[in-house]
Amino acid sequence: MPASLRSFSSADILERLPELGALQQDCVHDGASIGFILPFDVAASQAFWTDNVLPAVTRGVRLLLVAEVEGKVAGAVQLDWDTNPNQAHRAEVRKLLVAPAYRRLGLARQLMLALEEQARLLPRSLLTLDTRSGDHAEPLYLSLGYVVAGSIPAYALAPAGDRLDATTIMYKQL
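Residues numbered from 1 in each chain as written. Predicted model: local features only at pLDDT ≥ 70, side-chain atom pairs only at ≥ 80, totals over all residues. Heavy atoms only, no water.

Engineer: Help me out: how do you make sense of the environment of A154 in this one?
Structural biologist: Assignment of secondary structure puts A154 in strand β6 (residues 147-157). Apart from the residues lying within four places of it in its own chain, the contact partners of A154 are L164, D165 and A166. (Helix = DSSP H or I, 4+ residues; strand = E, 2+ residues; numbered from the N terminus. Contact = heavy atoms within 4.5 Å.)

Engineer: Would you mind showing me how to read the pattern of salt bridges here?
Structural biologist: For side chains of opposite charge, pairing can occur when their charged atoms come near one another. Applying the stated criterion to the full structure yields 14 salt bridges. Salt-bridge contacts for D12 lead to R6; the nearest nitrogen and oxygen are separated by 3.2 Å. Accessibility expressed as a relative area gives 15% for D12, which makes it buried. Under the relative-accessibility criterion, R6 is labelled partly exposed at 30%. Between D82 and R59 there is a salt bridge, and its shortest N-O distance comes to 2.7 Å. Here the residue D82 occupies a position in the loop between β3 (72-80) and β4 (90-98), and R59 occupies one in helix α3 (residues 42-59), the gap between them amounting to 23 residues. Judged by its relative accessible area of 45%, D82 falls in the partly exposed class. The exposure class of R59 is exposed, given its relative accessible area of 53%. Within this structure, R6, D12, R16, E19 and E68 form a network of salt bridges that share partners. (Salt bridge = Lys/Arg side-chain N within 4 Å of Asp/Glu carboxyl O. Buried < 20%, exposed > 50% of the residue type's maximum accessible area, 1.4 Å probe, protein only.)

Engineer: Quick question: what am I supposed to make of the packing of helix α2 (residues 17-29) against α3 here?
Structural biologist: Packed helix pairs are characterised by how far apart their axes lie and by the angle those axes make with each other. Put simply, α2 and α3 touch, their axes get as near as 9 Å, and they point 115° apart. When the interaxial angle is binned, α2 and α3 end up roughly perpendicular. Seen from above, α2 lies across α3 with right-handed handedness. Contacts between α2 and α3 involve L17, P18, L20, G21, Q24 and Q25 from the first element and V42, S45, Q46, F48, W49 and T50 from the second. Counted by class, the contact of α2 with α3 contains six nonpolar, six polar and no charged residues. (Axes fitted to C-alpha atoms, helices over the stretch in contact; angles between N-to-C directions. Parallel < 35°, antiparallel > 145°, perpendicular 65-115°, else oblique. Left-handed = near helix turned anticlockwise from the far one by under 90°. Nonpolar A, V, L, I, M, F, W, Y, C, P; charged D, E, K, R; others polar.)

Engineer: What's the story with α3 in this structure? I'm lost.
Structural biologist: An α-helix turns once per 3.6 residues; consequently, residues spaced three or four apart project the same way. With 18 residues, α3 ought to run about 26 Å at 1.5 Å a step, and its terminal C-alpha atoms sit 25 Å apart, in line with that. The largest bend in α3 comes to about 35°, at V53, with the proline P55 one to four residues further on. For α3, the secondary structure elements touched by its buried residues are α1 (10-15), α2, β2 (62-69), β3 and β4. (Expected span 1.5 Å × (residues − 1). Bend = angle between axes of the 7 residues up to and from the residue.)

Everything listed here is a matter of coordinates, which is why it stays silent on function.
Right under this line is the structure:
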């Protein structure tokens, strides 16, 4: 299944809000550690897109890159460059999401490579991210050249709310 990648505008976010919300819900319900815990309903998911992502995209300080398969939202990642003046050379990778039904197709890698291209155009020379330690995304980031800076134990509550997970801080110089 070939995927097409494109940047979503503010209008796209509003138009495709149900699909973006469903993508995030599917990932959280599948155990993704992306800042939310169960129960996680449609209203909470859509509020994330309208209250967090939409304003940043509208202000021009965040890119929402979406992977579509057969016209459906299958994945997304964000590049956030809303940094202080002394950090104008860096950006943060946020919320790499691939719907469970579309995993193992290379979408996460495609999204990350496209995000890096966009970061270079800004121009940003350093990308940072954090990911749950031991998560399936960690080997992907390592394979893309990200370097582990360290980990923080008991960093975030697991999506099921039953334990505290460590996070791994990573970076890549472009």
